[in-house]
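The lines below spell out each chain.
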Amino acid sequence: MNIQTTNRLTVAEAALVEAYNEQLSDLPGDGAVFAARDRLLDDLKTGGLPTRRIETWHYTDLKSLLRNVPARDRRAVAEATAPLVAGSEVLVVRQGVADLRSNVDAFEIRRYAESLIDGSAAAGLTALDFDDAIGRINGSFVRDGFVLDIPADAELKAPIELQVSHGAGQVHTRFPVNFGAGSKATVIERHRAVSENAAFVSTISDIALHDGAEITWIIFQSQGEFDTHLGQIRVNLGKDAKLRLFVINAGGKLVRQEIQISVTGEGADLTLRGINLLGGDTHTDVTLNLGHNVPHTTSTEIVRNVVFDRAKGVFQGMIRVAPDAQKTDARMACNTLLMTDDGEFAVKPELEIFADDVQCGHGATVADIDDNHLYYLMARGIPESKARAMLVNAFVDEIVEELEDEALVEALEDVIATWLEKHA
Amino acid sequence: MLEIRNLHARIAEDGTEIIRGLNLTVKAGEVAAIMGPNGSGKSTLSYVLSGREDYEVTEGDILYNGESILELDAAERAAKGLFLAFQYPVEIPGVATMQFLKVAMNEQRKARGEDELTTPDFMRRVKEAAAKLQINTEMLKRPLNVGFSGGEKKRAEILQMALLEPSLCILDETDSGLDIDALKIVADGVNALRSPDRAVIVITHYQRLLEYIVPDSVHVLYKGQVIKSGGKELALELESNGYADIIDAAA
């Protein structure tokens with residue numbers, strides 16, 4: 001006989017179970033999809049939300065941090081806004097519902113809800129591992145999103161903006177994107193709140209870069225100050241594929257962004273850059289799980305954090321190098337600017353290396369603003385608050401400028417400047 | 001323009017007193033040289049005047065145009081027209097030089113109730129001033145002072161001074177690390193700013209710079225006090241005899 005440990009449900013867990021029962025009648029999906037949903041929810045119910053005893057959640061004890069989950073709000077509305085970069089192809093998800101425009105020529109597009117209904121989405125409704133709480137939550141509740149297929153050798157001039165806006169309640173989206181061999185594109189995945197009402201958001205982007213694809217993917221999260229945001233990006237990097245992944249967190253009350261990357265083609269390269277702008281009484285976690293699984297692949301990771309008020313941040317960076325993944329070159333750095341005594345940032349870099357001919361390194365720094373820099377700017381007549389903002393800006397701007405695309409750089413610089421004006 | 005009265009100042013962190021009862025008056029239009037051996041308090045004096053927070057004034061006062069500036073922070077002093085050209089300008093990665101110049105000029109204008117400069121007007125001023133100092137505008141595209149040679153840093157300081165048009169300029173060992181050609185360019189830049197309503201304090205170890213920026217008065221600083229003042233001939237005397245005689249005479 002199996003010994004069953006029963007999980008006593010927390011308020012948030014109970015709310016999730018109730019939300020599932022309440023939404024059961026109108027969640028999209030065929031039999032296979034519902035079998036997957038049921039399984040994921042059941043695992044969530046028996047296992048509960050992860051606690052600090054689960055290693056990958058040690059610094060983000062979701063069970064205690066997630067106090068409650070708002071019910072789905074059927075009346076909430078969320079209007080779209082202008083794209084981050086003018087001229088982008090904007091694909092809008094309003095309050096969890098994808099708004100499909102018919103006039104996109106450059107690539108194939110369909111609503112994710114359709115693949116739930118016809119069952120083609122069922123295979124993707126999985127948890128990556130026993131600790132994949134985001135996979136479980138999103139798989140249980142996901143309703144819509146976009147499925148994109150970028151044809152081989154397509155070169156998209158304008159960025160694609162996946163604009164996910166919400167007013168309140170719950171929003172669960174998914175974006176499976178296939179980048180054909182040799183394709184080139186920039187995608188901006190943007191999550192935004194249009195109201196201050198609390199929301200519970202989960203989202204998974206599931207992307208594959210085929211041979212030689214060169215993709216820039218931006219995740220720009222600017223949720224409201226009472227919102228929970230659970231994001232995950234699953235990436236498969238094929239032969240000679242190049243991914244520049246840029247994550248910027250500038251909002252939310254409780255945020256976890258997971259980056260799950262599997263490098264499966266020789267010559268593949270990952271450039272990961274992250275900026276966490278943290279203020280107020282918030283908790284933000286960026287967790288990377290990167291597998292260099294084949295020989296001759298490279299990656300660099302730089303995460304820069306600015307912490308104001310009583311904010312807490314976490315960066316976990318796991319790089320695994322498989323036994324035959326010789327000549328892997330991976331470099332990771334995490335730099336934090338702590339602006340107050342009450343702010344916190346936890347950094348956990350991890351290297352698991354099973355090959356013997358590799359170059360891997362990691363480093364972390366934590367500092368305050370350099371007084372010499374501050375004094376120099378002030379001695380030229382720049383008031384202290386402005387001088388501080390300039391220096392914080394300089395700290396994060398270094399990695400924004402690497403993006404090179406001028407319109408994108410300017411747009412992100414504006415995001416950062418606006419955030420700093422409000423919080424610094 | 002500047003009157004320093006019985007000034008005592010110490011390092012905030014450990015309480016070491018560096019300036020010990022210093023008196024000095026500099027009039028509008030005057031170029032005053034401050035000389036002294038290592039450790040006499042020259043650089044500390046420049047920091048205290050500029051409002052660096054690492055130093056505390058424990059006694060005395062600094063009057064600038066008749067008003068005490070002790071309560072003003074570095075930015076407020078700069079906006080009132082005080083400028084310190086640093087001995088060691090810091091490198092600030094991530095802050096673009098042009099952006100820094102524009103913010104500094106406009107913040108000072110704002111503090112004085114003037115309109116901000118338009119971008120074309122700003123660009124024109126920078127180009128003109130840079131040309132006079134033989135500064136390559138490519139250099140100004142780099143982050144502030146980052147990768148500048150010693151000479152370039154000093155020229156960039158004088159460029160800032162020319163653009164900000166201060167009424168009291170303090171040059172802290174601007175000659176250190178300069179070759180003779182760069183020294184002449186920098187000195188010409190400073191001389192161009194000489195005017196009846198502007199005062200300049202030149203802090204230096206050596207007479208050499210004073211051949212190019214000829215002072216109206218020379219003051220010898222030792223152990224945090226002015227122990228002797230005189231005309232430009234005092235600098236020559238120091239150059240040939242060293243500080244020992246004057247220190248002995250003052251003791």
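Residues numbered from 1 in each chain as written. Chains lettered and ligands numbered in written order. Predicted model: local features only at pLDDT ≥ 70, side-chain atom pairs only at ≥ 80, totals over all residues.

S.K.: Just give me the short version of the packing of helix 3 (residues 97-111) of chain B against helix 5 (residues 150-164) of chain B, but keep the residues and values in it.
M.R.: Residue and element names in this part refer to chain B. Contact geometry for helix 3 and helix 5: axes closest at 10 Å, N-to-C directions at 35°. Between helix 3 and helix 5 the crossing geometry is right-handed. Residue-level contacts link Leu101, Ala104, Met105 and Gln108 of helix 3 to Gln160, Leu163 and Leu164 of helix 5. Looking at the contact of helix 3 with helix 5 residue by residue, the class counts come to five nonpolar, two polar and no charged. (Axes fitted to C-alpha atoms, helices over the stretch in contact; angles between N-to-C directions. Helix = DSSP H or I, 4+ residues; strand = E, 2+ residues; numbered from the N terminus. Left-handed = near helix turned anticlockwise from the far one by under 90°. Contact = placed C-beta atoms within 7 Å. Nonpolar A, V, L, I, M, F, W, Y, C, P; charged D, E, K, R; others polar.)

S.K.: Give me the sheet that holds strand 9 (residues 214-222) of chain A: which residues, what numbers.
M.R.: Residues and elements named next belong to chain A. Taken in spatial order, the 10 strands of this open sheet run 2-1-5-7-9-11-13-15-17-19, and their pairing is mixed. With one partner strand each, in any of the chains shown, strand 2 (97-99) and strand 19 (359-367) form the two edges of the open sheet. Pairwise comparison of adjacent strand axes, ignoring direction, gives a mean angle of 10° for this sheet. Along the sheet, helix 7 (residues 384-400) makes contact with strand 13 (269-278), strand 15 (298-307) and strand 17 (329-338), crossing strand 15 at roughly 160°. (Pairing = 2+ DSSP bridges.)

S.K.: If you had to explain the environment of B:Ile180 to someone new, which residues and values would you point to?
M.R.: Topologically, B:Ile180 is positioned in helix 6 (residues 180-193). Here the alpha-carbon distance between B:Ile180 and B:Leu7, two residues 173 residues apart in the chain, equals 35 Å.

S.K.: Report on helix 2 (residues 31-47) of chain A, specifying residues and quantitative values.
M.R.: Residue and element names in this part refer to chain A. Across its 17 residues, helix 2 extends 24 Å between first and last C-alpha, which sits within 8% of the 24 Å expected from 1.5 Å per residue. Looking only at helix 2, the buried set comprises Val33, Ala36, Arg37, Leu40, Leu41 and Leu44. On an axial view of helix 2, the arc spanned by its buried residues comes to 125°, and they lie on one face. Set apart from the buried face of helix 2 by more than 90 degrees, the exposed residues are Gly31 and Thr46. Buried residues belonging to helix 2 abut helix 1 (11-23), helix 4 (112-117) and helix 5 (133-141). At the exit of helix 2 stands Gly48, carrying a positive phi of roughly 75°. (Expected span 1.5 Å × (residues − 1). Buried ≥ 20, exposed ≤ 12 C-beta atoms within 10 Å, placed from the backbone. Arc of directions from axis to C-beta.)

S.K.: How would you sum up the pairing of strand 12 (residues 254-263) of chain A? Please name residues and give values.
M.R.: Residue and element names in this part refer to chain A. By the criterion of burial, strand 12 is predominantly enclosed, with nine of the 10 residues buried. In this structure, strand 10 (residues 228-237) lies alongside strand 12, joined through 10 bridges in parallel fashion. In the strand pairing of strand 12, Arg234 is matched with Gln260. Of the strand pairs in this sheet, strand 12 and strand 14 (residues 283-292) are connected by 10 bridges, and their pairing is parallel. Directly across from Ser262, in strand 14, lies its bridge partner Gly291.

S.K.: Describe the UniProt feature "domain: SUF system FeS cluster assembly SufBD core" (unreviewed entry) in chain A, naming the residues involved and giving the relevant values.
M.R.: As recorded in UniProt, the feature "domain: SUF system FeS cluster assembly SufBD core" (unreviewed entry) lies at residues 169-395 of chain A. Secondary structure content for residues 169-395 of chain A is 9% helix and 61% strand, and the end C-alpha separation is 35 Å. (UniProt positions renumbered as here; feature names shortened; annotations may be inferred.)

S.K.: Can you lay out the interface of chain A and chain B for me, pointing to particular residues and giving the numbers?
M.R.: Interfaces are often sized by the amount of accessible area the parts lose when they come together. Taken together, the contact between chain A and chain B spans 17 residues of the former and 20 residues of the latter. Within the residue set of the side of chain A that touches chain B, elements represented by two or more residues are helix 6 (371-378) and helix 7 of chain A. It is helix 7 of chain A that provides the largest number of residues to the side of chain A that touches chain B, a total of seven residues. The class makeup of the residues in the side of chain A that touches chain B is nine nonpolar, three polar and five charged.

S.K.: Describe the packing of helix 7 of chain A against helix 8 (residues 406-423) of chain A, listing the residues and the values that go with them.
M.R.: Residues and elements named next belong to chain A. Running from amino to carboxyl end, helix 7 crosses helix 8 at an angle of 150°, the nearest separation of the two axes being 11 Å. Judged by the inter-axis angle, helix 7 sits roughly antiparallel to helix 8. Here helix 7 and helix 8 pass one another in a crossing that is right-handed. Side by side, helix 7 and helix 8 meet where Ala389, Val392, Asn393, Val396, Asp397 and Val400 of the first sit next to Val409, Leu412, Glu413, Ile416, Ala417 and Leu420 of the second. Tallied by class, residues from the contact of helix 7 with helix 8 come to nine nonpolar, one polar and two charged. (Parallel < 35°, antiparallel > 145°, perpendicular 65-115°, else oblique.)

S.K.: Tell me about the UniProt feature "domain: ABC transporter" (unreviewed entry) in chain B, and name the residues and values.
M.R.: As annotated in UniProt, the feature "domain: ABC transporter" (unreviewed entry) corresponds to residues 2-248 of chain B in the numbering used here. Within the segment residues 2-248 of chain B, helix and strand shares are 37% and 26% respectively, and the terminal C-alpha atoms sit 28 Å apart.

S.K.: Run through unusual backbone geometry, naming residues and quoting values.
M.R.: At A:Gln95, a residue that is not glycine, the phi angle is positive and equals roughly 50°. With respect to the helices and strands, the residue A:Gln95 is situated in the loop between strand 1 (89-94) and strand 2. Of note, B:Asn145 is a non-glycine position whose phi angle comes to about 65°, a positive value.

S.K.: Summarise the nonpolar core; cite the residues concerned and give the values.
M.R.: Across soluble globular proteins, you tend to see nonpolar side chains buried next to one another. One finds A:Val306, B:Phe83 and B:Ile170 to be the most contacted residues of the largest nonpolar core, which totals 202 residues. Both of domain 1 (11-265) and domain 2 (372-424) of chain A provide at least three residues apiece to this core. Apart from the residues lying within four places of it in its own chain, the contact partners of A:Val306 are A:Leu277, A:Leu278, A:Leu337, A:Met339, A:Val392, A:Phe395 and A:Val396. (Core = buried A, V, L, I, M, F, W, Y, C linked by C-beta atoms within 7 Å. Domains from an automatic or database assignment.)

S.K.: Kindly report on the domain arrangement of chain A, identifying the contributing residues and their values.
M.R.: All names here are of chain A. Looking at chain A, the domain boundaries give domain 1 (11-265) and domain 2 (372-424). Taking only C-alpha atoms, the centre of domain 1 and the centre of domain 2 are 30 Å apart. On the domain 2 side, the residues contacting the seven residues of domain 1 number seven residues. Here the residues of the side of domain 1 that touches domain 2 are counted per class, giving seven nonpolar, no polar and no charged.

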